Amino acid sequence: GGIITQTPKFLIGQEGQKLTLKCQQNFNHDTMYWYRQDSGKGLRLIYYSITENDLQKGDLSEGYDASREKKSSFSLTVTSAQKNEMAVFLCASSPGTDNNQAPLFGEGTRLSVL
Amino acid sequence: GDSVTQTEGPVTLSEGTSLTVNCSYETKQYPTLFWYVQYPGEGPQLLFKVPKANEKGSNRGFEATYNKEATSFHLQKASVQESDSAVYYCALSADTNAYKVIFGKGTHLHVLP
(Lines give C-alpha, C1' and ligand atoms only; values in the text may rest on other atoms or scores of the structure.)
Protein backbone atom coordinates (compact mmCIF):
# COMPACT_ATOMS: atom_id res chain seq x y z
CA GLY A 1 0.00 0.00 0.00
CA GLY A 2 0.94 3.59 -0.46
CA ILE A 3 0.95 6.63 1.72
CA ILE A 4 0.61 10.38 1.48
CA THR A 5 3.05 12.23 3.72
CA GLN A 6 2.54 15.88 4.59
CA THR A 7 5.22 17.95 6.25
CA PRO A 8 5.25 19.60 8.64
CA LYS A 9 2.30 18.30 10.68
CA PHE A 10 2.14 21.58 12.60
CA LEU A 11 3.26 24.98 11.37
CA ILE A 12 3.35 28.19 13.34
CA GLY A 13 4.03 31.32 11.36
CA GLN A 14 4.22 35.06 11.74
CA GLU A 15 1.98 37.59 10.01
CA GLY A 16 3.30 38.38 6.54
CA GLN A 17 5.60 35.36 6.43
CA LYS A 18 5.90 33.12 3.38
CA LEU A 19 5.24 29.52 4.40
CA THR A 20 5.75 26.33 2.41
CA LEU A 21 3.90 23.06 2.93
CA LYS A 22 5.09 19.82 1.33
CA CYS A 23 3.33 16.67 0.21
CA GLN A 24 4.74 13.37 -1.03
CA GLN A 25 2.84 10.33 -2.37
CA ASN A 26 4.14 6.90 -3.33
CA PHE A 27 1.00 5.64 -5.08
CA ASN A 28 2.43 6.75 -8.45
CA HIS A 29 -0.75 8.81 -8.87
CA ASP A 30 -0.98 11.38 -11.65
CA THR A 31 -3.28 13.90 -9.96
CA MET A 32 -2.58 15.77 -6.75
CA TYR A 33 -4.60 18.32 -4.79
CA TRP A 34 -4.35 20.91 -2.07
CA TYR A 35 -7.47 21.69 -0.03
CA ARG A 36 -7.97 24.08 2.84
CA GLN A 37 -10.21 22.99 5.71
CA ASP A 38 -11.81 25.58 8.00
CA SER A 39 -14.37 24.93 10.67
CA GLY A 40 -17.84 25.42 9.21
CA LYS A 41 -16.56 25.86 5.65
CA GLY A 42 -15.65 22.35 4.68
CA LEU A 43 -12.91 21.56 2.16
CA ARG A 44 -12.10 24.22 -0.41
CA LEU A 45 -9.88 23.46 -3.38
CA ILE A 46 -6.79 25.66 -3.65
CA TYR A 47 -4.77 24.06 -6.46
CA TYR A 48 -4.63 20.77 -8.28
CA SER A 49 -2.21 19.22 -10.75
CA ILE A 50 -3.07 16.52 -13.25
CA THR A 51 0.53 15.65 -14.08
CA GLU A 52 4.12 16.68 -13.39
CA ASN A 53 4.67 20.42 -14.03
CA ASP A 54 0.94 21.04 -14.46
CA LEU A 55 -0.95 23.50 -12.22
CA GLN A 56 -4.68 24.25 -12.15
CA LYS A 57 -6.30 26.87 -9.93
CA GLY A 58 -9.11 25.89 -7.64
CA ASP A 59 -11.71 28.18 -6.11
CA LEU A 60 -9.38 29.51 -3.39
CA SER A 61 -6.05 30.03 -5.18
CA GLU A 62 -5.58 33.72 -4.34
CA GLY A 63 -2.82 34.12 -1.78
CA TYR A 64 -1.22 30.79 -2.64
CA ASP A 65 1.38 29.39 -5.05
CA ALA A 66 1.94 25.74 -5.88
CA SER A 67 4.68 23.66 -7.46
CA ARG A 68 4.66 20.17 -9.00
CA GLU A 69 8.24 19.52 -10.03
CA LYS A 70 8.03 15.75 -9.62
CA LYS A 71 5.18 13.32 -10.07
CA SER A 72 5.44 12.25 -6.44
CA SER A 73 5.49 15.69 -4.80
CA PHE A 74 3.28 18.76 -4.65
CA SER A 75 4.17 21.86 -2.63
CA LEU A 76 1.97 24.72 -1.52
CA THR A 77 3.20 28.18 -0.52
CA VAL A 78 1.21 30.65 1.53
CA THR A 79 2.56 33.86 0.05
CA SER A 80 1.76 36.10 3.05
CA ALA A 81 0.34 34.56 6.21
CA GLN A 82 -2.63 36.42 7.70
CA LYS A 83 -2.69 37.29 11.40
CA ASN A 84 -4.73 34.87 13.56
CA GLU A 85 -5.22 32.55 10.60
CA MET A 86 -5.92 28.96 11.64
CA ALA A 87 -6.64 26.19 9.17
CA VAL A 88 -5.79 22.63 8.16
CA PHE A 89 -4.26 22.10 4.73
CA LEU A 90 -4.98 18.71 3.22
CA CYS A 91 -3.05 17.14 0.37
CA ALA A 92 -4.62 14.39 -1.73
CA SER A 93 -3.84 12.30 -4.78
CA SER A 94 -5.78 10.18 -7.26
CA PRO A 95 -4.97 8.01 -10.29
CA GLY A 96 -6.45 10.62 -12.64
CA THR A 97 -7.42 8.19 -15.34
CA ASP A 98 -11.22 8.43 -15.59
CA ASN A 99 -14.31 10.06 -14.20
CA ASN A 100 -14.26 7.95 -11.05
CA GLN A 101 -11.71 10.11 -9.32
CA ALA A 102 -11.60 9.42 -5.58
CA PRO A 103 -8.86 11.47 -3.93
CA LEU A 104 -6.90 9.82 -1.14
CA PHE A 105 -5.95 12.24 1.62
CA GLY A 106 -2.99 12.81 3.86
CA GLU A 107 -3.40 13.68 7.53
CA GLY A 108 -2.98 17.40 7.03
CA THR A 109 -0.78 20.30 8.08
CA ARG A 110 -2.22 22.46 10.84
CA LEU A 111 -1.35 26.11 10.44
CA SER A 112 -1.51 28.79 13.12
CA VAL A 113 -0.42 32.36 12.48
CA LEU A 114 0.52 34.57 15.41
CA GLY B 1 -20.10 26.80 -10.91
CA ASP B 2 -20.53 23.37 -9.40
CA SER B 3 -21.55 23.17 -5.76
CA VAL B 4 -22.61 20.77 -3.00
CA THR B 5 -24.96 21.60 -0.12
CA GLN B 6 -25.43 19.27 2.83
CA THR B 7 -27.16 19.16 6.22
CA GLU B 8 -25.76 21.69 8.62
CA GLY B 9 -24.47 20.12 11.79
CA PRO B 10 -23.87 19.18 14.37
CA VAL B 11 -26.26 16.25 14.31
CA THR B 12 -26.63 14.43 17.64
CA LEU B 13 -28.22 10.98 17.79
CA SER B 14 -28.51 8.16 20.28
CA GLU B 15 -26.96 4.82 19.46
CA GLY B 16 -29.33 2.58 17.54
CA THR B 17 -31.30 5.37 15.89
CA SER B 18 -31.40 6.06 12.15
CA LEU B 19 -29.37 8.67 10.31
CA THR B 20 -30.08 10.79 7.26
CA VAL B 21 -27.64 13.44 6.08
CA ASN B 22 -29.03 15.40 3.17
CA CYS B 23 -26.85 16.26 0.19
CA SER B 24 -27.92 18.28 -2.83
CA TYR B 25 -25.70 19.21 -5.73
CA GLU B 26 -25.62 21.69 -8.60
CA THR B 27 -23.85 21.05 -11.85
CA LYS B 28 -24.69 21.28 -15.54
CA GLN B 29 -22.72 18.10 -16.14
CA TYR B 30 -23.05 14.42 -15.26
CA PRO B 31 -21.14 14.03 -12.02
CA THR B 32 -19.69 11.21 -10.03
CA LEU B 33 -20.85 11.55 -6.42
CA PHE B 34 -18.90 10.66 -3.29
CA TRP B 35 -19.34 10.37 0.46
CA TYR B 36 -16.26 10.77 2.64
CA VAL B 37 -15.84 10.35 6.42
CA GLN B 38 -13.26 12.12 8.57
CA TYR B 39 -12.26 11.07 12.08
CA PRO B 40 -10.44 13.44 14.45
CA GLY B 41 -6.79 13.93 13.57
CA GLU B 42 -7.10 12.13 10.25
CA GLY B 43 -7.66 13.07 6.64
CA PRO B 44 -11.02 12.35 4.99
CA GLN B 45 -11.38 8.81 3.69
CA LEU B 46 -13.68 7.56 0.98
CA LEU B 47 -16.84 5.89 2.23
CA PHE B 48 -18.14 5.10 -1.27
CA LYS B 49 -18.68 6.62 -4.70
CA VAL B 50 -21.44 6.33 -7.32
CA PRO B 51 -20.63 7.27 -10.93
CA LYS B 52 -24.04 6.66 -12.48
CA ALA B 53 -27.48 8.09 -11.93
CA ASN B 54 -30.10 5.91 -10.18
CA GLU B 55 -27.47 3.62 -8.70
CA LYS B 56 -26.78 3.08 -5.02
CA GLY B 57 -23.51 3.05 -3.14
CA SER B 58 -22.94 1.45 0.23
CA ASN B 59 -20.25 0.66 2.77
CA ARG B 60 -20.17 -0.16 6.51
CA GLY B 61 -23.96 0.04 6.72
CA PHE B 62 -24.14 3.49 5.11
CA GLU B 63 -25.87 3.92 1.77
CA ALA B 64 -26.90 6.63 -0.67
CA THR B 65 -28.76 6.67 -3.98
CA TYR B 66 -27.76 8.98 -6.83
CA ASN B 67 -31.02 10.72 -7.69
CA LYS B 68 -30.45 12.70 -10.88
CA GLU B 69 -34.00 14.09 -11.08
CA ALA B 70 -33.85 15.51 -7.56
CA THR B 71 -30.08 16.24 -7.78
CA SER B 72 -29.68 14.57 -4.40
CA PHE B 73 -27.40 12.00 -2.80
CA HIS B 74 -28.62 11.60 0.80
CA LEU B 75 -26.57 9.47 3.20
CA GLN B 76 -28.51 6.99 5.35
CA LYS B 77 -27.82 4.43 8.00
CA ALA B 78 -30.47 2.39 9.76
CA SER B 79 -28.77 2.13 13.15
CA VAL B 80 -25.83 4.32 14.12
CA GLN B 81 -23.10 3.38 16.57
CA GLU B 82 -20.95 5.53 18.80
CA SER B 83 -17.99 4.75 16.51
CA ASP B 84 -19.81 6.50 13.65
CA SER B 85 -19.16 9.85 15.32
CA ALA B 86 -17.22 11.79 12.68
CA VAL B 87 -17.57 14.48 10.02
CA TYR B 88 -19.24 13.38 6.78
CA TYR B 89 -18.57 15.10 3.46
CA CYS B 90 -20.55 14.89 0.25
CA ALA B 91 -18.55 15.61 -2.93
CA LEU B 92 -18.80 15.60 -6.70
CA SER B 93 -16.61 15.55 -9.77
CA ALA B 94 -18.15 16.67 -13.05
CA ASP B 95 -17.54 14.66 -16.21
CA THR B 96 -16.17 17.63 -18.16
CA ASN B 97 -13.41 18.07 -15.59
CA ALA B 98 -13.22 14.90 -13.59
CA TYR B 99 -10.02 16.00 -11.89
CA LYS B 100 -11.75 18.81 -10.01
CA VAL B 101 -13.45 17.35 -6.92
CA ILE B 102 -15.75 19.73 -5.04
CA PHE B 103 -16.75 19.11 -1.41
CA GLY B 104 -19.62 20.28 0.75
CA LYS B 105 -19.15 21.95 4.12
CA GLY B 106 -19.36 18.71 6.06
CA THR B 107 -21.80 17.43 8.67
CA HIS B 108 -20.54 16.68 12.15
CA LEU B 109 -22.27 13.63 13.65
CA HIS B 110 -22.21 12.90 17.39
CA VAL B 111 -23.58 9.54 18.48
CA LEU B 112 -24.34 9.20 22.18
CA PRO B 113 -23.96 5.81 23.90
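Our subject is the structure listed above.
Residues numbered from 1 in each chain as written. Chains lettered and ligands numbered in written order. Predicted model: local features only at pLDDT ≥ 70, side-chain atom pairs only at ≥ 80, totals over all residues. Heavy atoms only, no water.

1. Some thoughts on the layout of surface pockets
Within this model, the largest pocket holds a volume of roughly 760 Å³. Surrounding the largest pocket, 34 residues form its lining, Q37, D38, S39 and G40 of chain A together with Y89 of chain B being those nearest its centre. Every element with two or more residues in the lining of the largest pocket is listed here: strand 4 (31–38), strand 9 (86–94) and strand 11 (109–113) of chain A together with strand 1 (3–6), strand 10 (86–94) and strand 12 (107–112) of chain B. Here the element with the most residues in the lining of the largest pocket is strand 9 of chain A; it accounts for four residues. Residue classes in the lining of the largest pocket are distributed as 13 nonpolar, 14 polar and seven charged. (1 Å grid on protein atoms, 1.4 Å probe; cavity = no way out; pocket = protein on both sides within 12 Å on 5 of 7 lines; lining within 4 Å. Points joined across faces, edges and corners; volume = space filled by probe spheres on them. Helix = DSSP H or I, 4+ residues; strand = E, 2+ residues; numbered from the N terminus. Nonpolar A, V, L, I, M, F, W, Y, C, P; charged D, E, K, R; others polar.)

2. Concerning the sheet that holds strand 1 (residues 4–7) of chain A
Residues and elements named next belong to chain A. Taking strand neighbours across the sheet as the criterion, the four strands line up as 1-3-8-7 in an open arrangement whose pairing is antiparallel. Two strands lie at the open edges of the sheet, namely strand 1 and strand 7 (64–70), each paired on one side alone. On average, each strand axis in the sheet is tilted by 15° relative to the strand beside it, whichever way the strands run. Here strand 3 (residues 19–25) pairs with strand 8 (residues 73–78) via six bridges, running antiparallel. Within strand 8, the residue paired with L19 across the bridge is V78. (Pairing = 2+ DSSP bridges. Axes fitted to C-alpha atoms, helices over the stretch in contact; angles between N-to-C directions.)

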